[in-house]
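# Coordinates in review
What follows is each chain in one-letter form.
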Amino acid sequence: MSGTYLGMPAFPEAAREAVGNRILRDNLRHATHTIRAKRAKAVAEVSDWAELREAGKRIKDHTLRHLDRYLERLEESVTAAGGVVHWAADAAEANEIVTELVKMTGESEVVKVKSMATQEIGLNEALEAAGIRAYETDLAELIVQLGKDRPSHILVPAIHRNRGEIRDIFRSEMSEWGRPAPEGLTDTPAELAEAARLHLREKFLRAKVGISGANFMVAETGTMVVVESEGNGRMCLTLPETLISVVGIEKIVPTWRDLEVFLQTLPRSSTAERMNPYTSTWTGTTDQDGPGTFHLVLLDNGRSDTLADEVGRQALRCIRCSACLNVCPVYERAGGHAYGSVYPGPIGAILSPQLRGTGSEIDASLPYASSLCGACYEVCPVAIDIPEVLVHLRERVVEGGEATRAGNKVVLRPAKGHAAERAAMRAARWAFTHPGVLRTGQRAASRTRRFHPRTLPGPGRAWSGSRDLPPVPAEPFRDWWQRTRGQKGGAE
Ligand code: SF4
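Predicted model only: the values in this text are computed from it and were never measured.

Applying the stated criterion across every chain, the model contains zero disulfides. Left unpaired, Cys373 is separated from the closest cysteine sulfur, that of Cys376, by 6.1 Å. Assessed through its relative accessible area of 9%, Cys376 is described here as buried.

As annotated by UniProt and renumbered to match this structure, "domain: LUD" (unreviewed entry) occupies residues 71–298. Between the end C-alpha atoms of residues 71–298 the distance is 9 Å, and the span holds 44% helix and 21% strand.

If you check helix H12 (residues 256–270), its first and last C-alpha atoms are 21 Å apart, about what 15 residues at 1.5 Å a residue would give, namely 21 Å. Three or more residues of H12 are buried, namely Asp258, Leu259, Val261, Phe262, Thr265, Leu266, Pro267, Arg268, Ser269 and Ser270. Here the buried face of H12 lies against helix H2 (22–44), helix H3 (49–65), strand E5 (216–218), strand E6 (223–228), strand E8 (252–253) and helix H14 (323–327). Just beyond H12, the residue with positive phi is Ala272, at close to 60°.

To continue, consider the packing of helix H21 (residues 435–447) against helix H23 (residues 477–485). In a pair of packed helices, the angle between the axes and the distance between the axes together describe the arrangement. H23 packs onto H21 with a crossing angle of 95° between their chain directions and a minimal axis gap of 9 Å. Considering the angle they form, H21 stands roughly perpendicular to H23. From H21, Pro435, Leu438, Arg439, Gln442 and Arg443 reach across to H23, where they touch Arg478, Asp479 and Gln482. Residues belonging to the contact of H21 with H23 are distributed by class as follows: two nonpolar, two polar and four charged.

The next thing to look at is the confidence of the model for the protein chain. Counting all residues, the mean pLDDT for the protein chain is 90, and 93% of those residues have values of 70 or more. Within the model, pLDDT remains below 50 along residues 402–415, and this stretch shows 41 contacts once partners closer than five positions in the same chain are excluded.

Calculation notes
Residues numbered from 1 in each chain as written. Predicted model: local features only at pLDDT ≥ 70, side-chain atom pairs only at ≥ 80, totals over all residues. Heavy atoms only, no water. Disulfide = S-S within 2.5 Å. Buried < 20%, exposed > 50% of the residue type's maximum accessible area, 1.4 Å probe, protein only. UniProt positions renumbered as here; feature names shortened; annotations may be inferred. Helix = DSSP H or I, 4+ residues; strand = E, 2+ residues; numbered from the N terminus. Expected span 1.5 Å × (residues − 1). Contact = heavy atoms within 4.5 Å. Axes fitted to C-alpha atoms, helices over the stretch in contact; angles between N-to-C directions. Parallel < 35°, antiparallel > 145°, perpendicular 65-115°, else oblique. Nonpolar A, V, L, I, M, F, W, Y, C, P; charged D, E, K, R; others polar. pLDDT = per-residue confidence, 0-100.

Take a look at the structure:
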């Protein structure tokens, strides 16, 4: 993923700063509670929501199971419709392809539709290094870009900013990127939106190259789909002469019939709308209508590795609605930046360690950034069992060592931390595989139970401080069984 996040500290450390920032906490609390209440109302209107959710899950699982077949079908359809398909194994390759494509047009600036995939690969930074300026056109992305900031939410990347902060950013930064903010700009939503509209309009009209992602790709016709609320996407997708779309390979659906399900569940789950204000679809190129050249860059970047994991692969069902972020008690307090990735919140905690491996401090800590309350699973429109994947990834971090990605391969190396925990598990395994030792230990524990401490000493204090140690019975179960049933307890 983007180099912006390299060297991030582990989640607890990164979150500490955010938790201590009262303004940030207020902004997040207000925004997440508002969106979550609206979503609940919008979902309650649909009588067959549970069936839609199940249908979405099944479609995604089926498509992922036959991903190779559907991707080939998509390539054929896009090519037949006049588009050009490129395959990118990782971020570096995708950035190289896009940079070359832009250079071939002779342009030095591009307009962008909000896209998680291009943020994931750090495309803006790669283009900048090649002397190409990328302009974000989604309002929240514009705020993030002008503020030299990082997104903190999938749907509302500037959720951590309030109106006053946005006004200040517009006033001080807009002139550096193009049309300055109007004189006397206030923090009323209408004035802020108008300032952004004026600033962006001249970029839309000038740009010859547009860059987008896609929410969905329909294999049967080679159609790309972008859903958005502001109309900036429609401008980027129709006005430039060349359009380049960078899309993760998991965004594919087989047919339009399948798409229908997600066009119902996505808007209600994300913006709490009954339908999306702007749903743009395009299929290759059409003479005299929209971009004359279309390139599709299909991005792997760790998705094949994720697909190979039977438990973890369900993360690839995600349609990036952000409902899980808005109900998460950890996200609400820690904010998005602490997750060290463009994918914050519960989905980020299971997606980033799979796409990037758990080799860095931040990625090894993300599976622990959850209370496992299950609220994320309840609201997920494709029924991703996030708590299940979190526990699975914790197991990977503790038991399997750290998985790191070398090129496009996952490499396992021994874990550095958790030495005491691993030693305790090894001792437990030894005792459980030596029944005589286990029996002697149980009897000794029963006889000395009055002298057992209520809390553990040393580093174990933190663990026992928040838990009640179970009382040791006066008589071990096996002895009780033998005494009352006259049989030997358990296999020896
Ligand atoms: S995991 Fe589910 S709830 Fe979270 S963003 Fe993805 S689809 Fe939405």
